[in-house]
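# Per-entry structural report
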Amino acid sequence: RLSDTIARLNRVGASSPPAGATSTRLKAFAGNGSNPGQLAAWVHVPKALARGAPLVVVLHGCSQTAAGYDESSGWSRLADQHGFVVLFPEQQRGNNSNLCFNWFSGDDAARDKGEALSIRHMIAAAHNRLGTDPSRVFVNGLSAGGAMAAVMLATYPEVFAGGAVIAGLAFGTARSIPEAFDRMRGHDQRHPAQFSELVRGASDHKGEWPTLSVWHGSADSTVAPSNASALVEQWRSLHGATQKPSETNTVNGFPHRVWRNSTGRAIVEEYSISGFGHGTPLDTRGTRHGERAAPFMLEAGISSTRLIARFWGIVPDEVEDSRPIAPAVVNGNATQRTTAASAALPGRSALQKTIEDALRSAGLMK
């Protein structure tokens, strides 16, 4: 409804400024082809980098910057420990006033178009200039960045070995701002049988599909948890895995499900972070992980960064608190955690401009 949209715009106007743009761990990465999506690019390269290292692409959420996301998530610190390159595409306000990746736009969320093509060019430049391994490329993101990670996996499946989506949405379920709001609320989802067809129609790919790690808070009021279910269904079906998960356990007290293919390889996993709101789950305790809380970067007692990298096989297994879930017991032990502003709100368009102009006339926006 229009009243819902106005309320969300008001919350964005009152939200805190972009999270920490002060990190010096990232370096500008320019000269990445035609860059039709007009994105900025940043990179972190460990000092001791072997040729043929993995490449991890990280997509920040709305109102965030690449440096701020890295500072909180600990991706570049993990790269230093395990010898991989991290590439951070960064949205610009000229493309989206809220710094959201335009995951819902046909001009940016399709193969060989806009922002998706810009990110593809950055990956090619990283291979050429840094010698990264084309067979070990991974993409992950939060919220709108998570939805854009799903776009990249769907439109360029031959490029990626795996991906991860945190508090995001399935590919192809929204093609406009009104549809984006509906999907974020969990409204009007397609029939599950249609989800995988959206990915199959995004390219002419005939090979293996990337693996996927899905993370979502059970108390997320910005992007409804049903979107995680849609993502799991979309990629489980692509891989031909059974509807029932191969494994169900808990990790650090949180429900964790895994789907395996016929060879026993884990191809889809899902973490449901009980009582958790909208954001990236972090483990900020001590200095082990180098993760720091910030807006939409939330302490949860579990490190999504490290567990995602472990799922991809680019960091070694570590001992975790992993136990089977007894029948009918699916809740973790986290306390309620919520955020104050919407981090997946789509950006400026003709519709939004009309709404914002009306709000300014009423004195509700500056």
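Look a little higher up for the structure.
Residues numbered from 1 in each chain as written. Predicted model: local features only at pLDDT ≥ 70, side-chain atom pairs only at ≥ 80, totals over all residues. Heavy atoms only, no water.

### Brief notes about the pattern of salt bridges
Where side chains of opposite charge bring their charged atoms close, a pairing between them can arise. With the rule as written, the count across this model stands at 12 salt bridges. Linking R77 and E71 is a salt bridge whose minimum nitrogen-to-oxygen distance equals 3.3 Å. A relative accessible area of 17% means that R77 is categorised as buried. As a salt-bridge pair, D283 and R285 come within 2.7 Å of each other at their nearest N and O atoms. For D283, a relative accessible area of 6% corresponds to the buried category. Residue R285 is classed as exposed on the basis of its relative accessible area, which comes to 54%. Because the salt bridges share partners, they merge into one network encompassing E71, R77 and R292. (Salt bridge = Lys/Arg side-chain N within 4 Å of Asp/Glu carboxyl O. Buried < 20%, exposed > 50% of the residue type's maximum accessible area, 1.4 Å probe, protein only.)

### Some thoughts on unusual backbone geometry
The residue L99 is not glycine, and still its phi comes out positive at about 60 degrees. Judged by relative accessible area, which is 7%, L99 ranks as buried. The phi dihedral of D112 falls on the positive side, at around 65 degrees, and the residue is not glycine. Inspection of the secondary structure assignment puts D112 in the loop between β4 (85-90) and α4 (114-130). (Helix = DSSP H or I, 4+ residues; strand = E, 2+ residues; numbered from the N terminus.)

### Section: the packing of aromatic side chains
Aromatic rings considered in pairs are described by the distance between their centres and by the relative angle of their planes. Taken as a whole and assessed by the stated rule, the structure comprises 6 aromatic pairs. Taken together, a centroid distance of 4.8 Å and an interplanar angle of 15 degrees make the contact between F138 and W312 stacked. One end of the pair, F138, is in strand β5 (residues 137-142); the other, W312, is in helix α9 (residues 304-312), with 174 residues separating them in the sequence. Arranged with centres 6.3 Å apart and planes meeting at 80 degrees, the rings of W209 and W235 form a pair that is edge-to-face. Here W209, found in the loop between α7 (192-200) and β7 (211-217), pairs with W235, found in helix α8 (residues 226-239); they are 26 residues apart in sequence, far enough to count as distant. Residue W209 is classed as buried on the basis of its relative accessible area of 13%. (Phe/Tyr/Trp six-rings, centres within 6.5 Å; stacked < 30°, edge-to-face > 60°.)

### Observations regarding the state of the cysteines
Summed over the entire model, instances satisfying the criterion amount to 1 disulfide. Each sulfur in the disulfide pair C62 and C100 lies 2.1 Å from the other. Of note, the bridge from C62 to C100 carries an S-S torsion of about 125 degrees and is right-handed in sense. Taken as a pair, C62 in the loop between β3 (55-59) and α2 (66-73) and C100 in the loop between β4 and α4 lie far apart in primary sequence, 38 residues in all. We classify C100 as buried; its relative accessible area is 1%. (Disulfide = S-S within 2.5 Å.)

### Notes on the packing of α2 against helix α3 (residues 75-82)
Running from amino to carboxyl end, α2 crosses α3 at an angle of 60 degrees, the nearest separation of the two axes being 6 Å. Judged by the inter-axis angle, α2 sits oblique to α3. On α3, the residues touching Y69, D70, E71 and S73 of α2 are W75, S76 and R77. Looking at the contact of α2 with α3, its residues break down into 2 nonpolar, 2 polar and 3 charged. (Axes fitted to C-alpha atoms, helices over the stretch in contact; angles between N-to-C directions. Parallel < 35°, antiparallel > 145°, perpendicular 65-115°, else oblique. Contact = heavy atoms within 4.5 Å. Nonpolar A, V, L, I, M, F, W, Y, C, P; charged D, E, K, R; others polar.)

### Focus on helix α6 (residues 177-184)
For α6, the complete set of buried residues consists of I177, A180, F181, R183 and M184. Taken end-on, α6 shows its buried residues confined to a sector of 165 degrees, consistent with a single buried face. Its side-chain oxygen 3.3 Å from the backbone nitrogen of E179, S176 forms the N-cap of α6. Positive backbone phi, at 85 degrees, marks G186, one or two positions downstream of α6. (Arc of directions from axis to C-beta. Polar contact = N/O pair within 3.5 Å; in protein donor to acceptor, adjacent residues only side chain to side chain.)

This is a description of form; function is not addressed.
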